[in-house]
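Architecture at a glance
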Amino acid sequence: MMRFLLLFSRQGKLRLQKWFMAFSDRDKKKIIRDVTQMVLVRPPKSCNFLQWRDLKIVYRRYASLYFCCGLEQGDNELLTLELLHRYVELLDQYFGNVCELDIIFNFEKAYFILDEFIIGGEVQETSKASVAKSMEEADSLQETMEEYLNKPTY
Amino acid sequence: MALKIVKGSIDRMFDKNLQDLVRGIRNHKEDEAKYISTCIDEIKQELKQDNIAVKANAVCKLTYLQMLGYDVSWAAFNIVEVMSSSKFTYKRIGYLAASQCFHEGTDVIMLTTNQIRKDLSSPNQYDTGVALTGLSCFVTPDLARDLANDIMTLMSHTKPYIRKKAVLIMYKVFLKYPESLRPAFPRLKEKLEDPDPGVQSAAVNVICELARRNPKNYLSLAPLFFKLMTSSTNNWVLIKIIKLFGALTPLEPRLGKKLIEPLTNLIHSTSAMSLLYECVNTVIAVLISLSSGMPNHSASIQLCVQKLRILIEDSDQNLKYLGLLAMSKILKTHPKSVQSHKDLILQCLDDKDESIRLRALDLLYGMVSKKNLMEIVKKLMLHVDKAEGTTYRDELLTKIIDICSQSNFQYITNFEWYISILVELTRLEGTRHGHLIASQMLDVAIRVKAIRGFAVAQMATLLDNAHLLTGNTQRNGICEVLYAAAWICGEFSEHLEDPMQTLEAMLRPKVATLPGHIQAVYVQNAAKLFATVLRKHDGETESQAAQETSQLLIDRLPLFVQSANLEVQERASCILQLVKYIQKLQQKNVEVAEEVTALFAGELNPVAPKAQKKVPIPEGLDLDAWINEPPSGSESEDEKPKAVFAKEEPKHSRSRHTEVDEKELARRREVRKQEQASNPFYIKASPSSQKVYDAPGVEHIPVVQIDLSVPLKVPGMPMSDQYLKLEEERRQKEKAERKKKEKKKKREKRGKERKADSGPESEEDITPAHQVDIVTEEMPENALPSDDDDKDPNDPHKALDIDLDKYVPHCRHLQFIHVLHIVMCRNEFFSKTEIYDFKVVVSVIFENKSDSFLKAMEFNVLDSLNSKLQRPEGAGAHDSLTVPFQLPPGVSNEARFVFSVQSIVMPQKLKGTLTFIVKSDESSTHEKLDFKLHFTCTSYLITTPCYSDAYAKLLESGDLKGSSLRLEGINMPFHHLLARICFHHHFSVVERIDSCASMYSRSIQGHHVCLLVKTTVSIDAKCDEPSLLGNVLDEIKQTFSKC
């Protein structure tokens, strides 16, 4: 089972965090700090796996963003790499040629896509088309920004 | 899109949306914290509004700030408000915020239960979906308990979208509220055959996770999964199923056998590396669980190793890494198959990637043998030279030491080589592991006697070149090595060629810059060297050299006397005074060498870590007793013995305890003296003849001299290489000689049998260069080596875990081993009437050796007058006890039965039966197994140490009755005989004088048993209970009749 997923920039700025298990805030901060430091110093063309405490860390860099997972000992690293890749594909499909800024400015959408893809640290939907469909339907339920702006503020 | 429209309308304060916040933060790089604190103030204002849209916007911004590390727990209630909005837009944001910010400690969570329940049953599947997703992040035990039923219903929802989410959430619910597993499991199992592949895969995921933690409950699902595995084409699902099998196979070897074939097929056919990797891993797990007895075993291992080799050879670093990782799993059980790929693994040490190099290093540890150790270490040494970055180099260093020192230096054939490796390692710059090298040097020098001469010479060179080690940086970790060097040179100074020179090196002014603890060792060992120098010049009249040495010490030591380090100062001034005194004597031409040497006489032996625990507590010493009784409380007034004084006078209870009369004092002094006399650690006036366990004939092992004319440093070639060469030559030579001998033999037994060609040198053929006696660690006298030291001291059965009285009745189905534990629980109530009631705990190990399932086992024993099986209250005297478990094939388990025993003077044999049902696929039959439980008298004896004076008193007292025994036809060394009696019958040796030994033991009821064993193999025995003695002697006789 996946324990957490982190997205962070080359400068070590966190862009997205998802915890699939309960961690205390202190632990979260420590994990974020340790893991980003460890991953950022890795030279290019190294392997994508690291051992950190009792967890396997699997990471992959896409453009300026690092996607990074914490796995339990029994989990399959290669499968997780595929999973990260699938998530990037989903983001790409939703935003259309996704870049870091898309995720910064629409971070809640990035979370919603992730929620449709992985739940509680397990994959729930492997088909890109189904994820796209449910995102679209859910979005259609959401009011548009115009509607929101036309509402009285008080 | 909508962003652009917003741009123009930021004038309204409450309209700063998420995008504006993000942009604002990016524009205020210099004063980010200040900007955010104003934003948080704004958000607080927004949250006070009644408009839900504004609130949701604020909560969305907070979620972003939470990610940046700001505390937003104060807004938890507002998040709940947004969650309960009826609009999906806001609900979605509310649940997202909750899933990011809530945790088990968040108290508003309990307010959400009803809202979540409402959302779960919403007609809109996305409302339900959002609630489920949120729940997966913040579910608490309370929520799990309250919502388990609702989620269970959702597992059968009409829409697969909800079903698969519900199935996955169930796992989280199980974790928080385990009671829900039982009712939910049937439905979960149903989902394995759901028409929707997504739901199916979700169910596989959940069961796989459950089974990894608790495999035995899921064995029954194996056939279903097997079907799924052979039919599914979805790699995600396949990987999970194969992983699940990996967890199940250790419990059910037959499953493993069945799996091998489909798995190997998959390995051959699949193109997905992740699937291949999973298959290989599971095959490895299967092969580990099938310890033996598989014909095509080696073929599968070969296939795995081959595939892994392909992975390791791949240019993809990830595959290389995983290949090495999986190899290390194989290595544990099948080292031979991995060892043949040594070349490949050594290559990986050159990899650019550090994590790959580290994995390769891990593998090397398990791959060394006597034959290849030197070669591998040589390769590693090359890497040490090349390595960039101290962390990796330090890692290499520790690995080299680990590899060499593993299992008590098992693989080292030439310790001179090892010492020179250690010396070479000291040349590493900036390593943190100086102390590690130092402890290895000390360990080898102390425990391998044959190497001391060589080690001392090397250490002397180190000391001489100390300036190279310490360099400019004083805080260099490597200078720890000097600690070891100085100690070795001092302690084994008799091997030094030129002690004077070493002494000079140890007293250089530069030494004062070393850390204090090292200086202290320097000073102390300088004194030892001084003694050696004096002894060397002993007998020479008017020895100039000896006096010069004294002068050298007197000149140099004052520097250390001024040291800021207390230890150094103290030792230096002590030794300085001593040397001054010696100098005076020397000037009067008095022979001093012998006396000075006497200061350091005797050898320091390594002591086993367990030794302290094994020191027997002297008789009469009660460690738990109060030395001064604690001041009594007010209640103790009431408990005062009433009969002591006829007229009770009011007294201060406190003074009563401090007052001790003369007689009592004298008595205590006497007791203390006795204790001291029997305490091996108390230094007595005259040296006692404490015996030391010395390994037989250590001194007489011949030591092959290695020609030391090899210069210690060869330009351009590290020294250890010299040894590598020498060693190779030596092995060649030996091999040649052996062949010659073999040929001779062959000629002798010509034609009788054809010996297989020795082929590649096997492990056993390599003999060490010199007979190396690894000095065993010392244990206190009479301490028997035992394995139980590591047992949990809290185990109630440990205290009197007396005998492993093995009695193994065999049966087709069941193996039955019983182990006798005696637990002394003297019943206080009965103790007045001198009737003891002892509980004997018998551990019975049931092992099912058949292929069928055994259940309904019932254990019964025919009670005797003396021994009774303890049955639960209300049960009849002949009722049998149910064994509280069932046995699947091949499984063993242990049950404990309690017996009460009244008299221990006679051995007991109890007859019993075990009934059980054998259940196979077709039928079930009732079977019966008869057994006997044998309680020997020996098992009631406890090894109790006794000191000779107490022993003598005991014999003189005349309370004991004698008996004797002659053992015929025993021809074993006397100490073996004694050891056997000690081991099998729980005696301890009190004293051994030439041809006889006195031994002692005590029964759990306090009977003394004394033996006098003579080399003529007769035993005179005394005991206060003649029948017990007779039985013990019979049992001793029986022990020796067996051999």
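Residue indices follow the written sequence of each chain, beginning from 1 at its first position. Chain letters and ligand numbers both follow the written order, the letters beginning at A and the numbers at 1. Reporting of local features is limited, given that this is a predicted model, to residues whose pLDDT is at least 70; pairs of side-chain atoms are given and counted only at 80 or more, and all residues count toward the totals for whole chains, interfaces and linings. In computing side-chain properties, one takes all heavy atoms of the structure into account and sets aside hydrogens as well as water.

Going by what an unreviewed UniProt entry lists, chain B is known as AP-3 complex subunit delta-1 and is assigned to Sinocyclocheilus grahami. UniProt positions are given in the numbering used here, feature names are shortened, and annotations may be inferred rather than shown by experiment. In its Sequence similarities (unreviewed entry) section, the UniProt record describing chain B reads: "Belongs to the adaptor complexes large subunit family."

As annotated in an unreviewed UniProt entry, chain A carries the name AP complex subunit sigma and is attributed to Sinocyclocheilus grahami. In its Subunit (unreviewed entry) section, the UniProt record describing chain A reads: "Adaptor protein complex 1 (AP-1) is a heterotetramer composed of two large adaptins (gamma-type subunit AP1G1 and beta-type subunit AP1B1), a medium adaptin (mu-type subunit AP1M1 or AP1M2) and a small adaptin (sigma-type subunit AP1S1 or AP1S2 or AP1S3)." Comment text from UniProt for chain A, heading Sequence similarities (unreviewed entry), reads "Belongs to the adaptor complexes small subunit family."

Residue and element names in this part refer to chain B. Strands sit in the order E5-E3-E7-E8 across an open sheet of 4 strands; the sheet is antiparallel. In the strand order of this sheet, the two ends are held by strand E5 (881-882) and strand E8 (924-935), each with one partner. A strand pair is defined by DSSP finding two or more bridges across the two strands. Strands here are runs of E lasting at least two residues and helices are runs of H or I lasting at least four, both read from the DSSP assignment and numbered beginning at the N terminus. For strand E3 (residues 853-861) and E5, the ladder comprises 2 bridges, and the chain directions are antiparallel. Considered in E5, the bridge of Phe859 is made with Leu881.

Bringing the nonpolar core into the picture now. Here the nonpolar core consists of buried residues drawn from Ala, Val, Leu, Ile, Met, Phe, Trp, Tyr and Cys, with membership extended through side-chain atoms lying within 4.5 Å. Under the scheme applied here, a residue whose accessible area is under 20% of the maximum for its type counts as buried, over 50% as exposed, and between as partly exposed, the area being computed with a 1.4 Å probe on protein chains only. Judged by nonpolar contacts, the single largest core of 289 residues is most densely connected at Tyr87 of chain A together with Phe102 of chain B. For this analysis, residues touch if any pair of their heavy atoms sits within 4.5 Å. When sequence neighbours within four positions are dropped, the list of residues in contact with Tyr87 of chain A reads Leu5, Leu7, Leu16, Phe67, Ala110, Ile113, Leu114 and Phe117 of chain A.

Between chain A and chain B, the residue contacts involve 65 residues of the former and 68 residues of the latter. In short, buried area is how much 1.4 Å probe accessible area vanishes from two parts on joining, totalled over both. Surface buried jointly by chain A and chain B totals about 6,200 Å² across both partners, of which 56% is contributed by carbon and sulfur atoms. Salt bridge, as used here, is a side-chain nitrogen of Lys or Arg placed within 4 Å of a carboxyl oxygen of Asp or Glu. Viewed at the interface, chain B and chain A are joined by 7 salt bridges. As a salt-bridge pair, Arg92 of chain B and Asp139 of chain A come within 2.8 Å of each other at their nearest N and O atoms. For this analysis, a polar contact is any N or O atom pair within 3.5 Å, provided that within protein one partner can donate a hydrogen and the other can accept it, and provided that sequence-adjacent residues contribute only side-chain to side-chain pairs. Run the count over chain A and chain B and you get 24 residue pairs in polar contact (both at pLDDT 80 or more). Each residue gets one of three labels, nonpolar for Ala, Val, Leu, Ile, Met, Phe, Trp, Tyr, Cys and Pro, charged for Asp, Glu, Lys and Arg, and polar for the others, Gly among them. Class assignment for the residues of the side of chain A that touches chain B results in 29 nonpolar, 13 polar and 23 charged.

Its 14 residues give helix H21 (residues 354-367) of chain B an end-to-end C-alpha distance of 20 Å, which sits within 8% of 20 Å, the value for a rise of 1.5 Å per residue. Among all positions in H21 of chain B, only Ser355, Ile356, Arg357, Arg359, Ala360, Leu361, Leu363, Leu364 and Met367 of chain B are buried. Along its buried surface, H21 of chain B packs onto strand E3 (49-52) of chain A together with helix H18 (317-333), helix H19 (335-339), helix H20 (342-348), helix H22 (373-386) and helix H23 (390-409) of chain B. One less than the residue count of a helix, multiplied by 1.5 Å, gives the span that helix is expected to have.

Residue and element names in this part refer to chain A. Judged by pairing direction, the sheet is antiparallel, and its 5 strands sit side by side in the order E2-E1-E5-E4-E3 without closing on themselves. Strands at the two margins of the open sheet, each flanked by one partner only, are strand E2 (14-19) and E3. The average angle at which neighbouring strand axes cross in this sheet is 20 degrees, direction not considered. Sheet analysis places E3 next to strand E4 (residues 55-62), joined by 4 bridges and oriented antiparallel. Considered in E4, the bridge of Gln51 is made with Lys56. Sheet contacts for helix H1 (residues 25-40): strand E1 (2-9), E2, E3, E4 and strand E5 (65-71); angle to E1, the most-contacted strand, approximately 60 degrees. All axes are obtained by fitting lines to C-alpha atoms, using only the stretch in contact for helices, and the reported angles, taken between N-to-C directions, cover 0 to 180 degrees.

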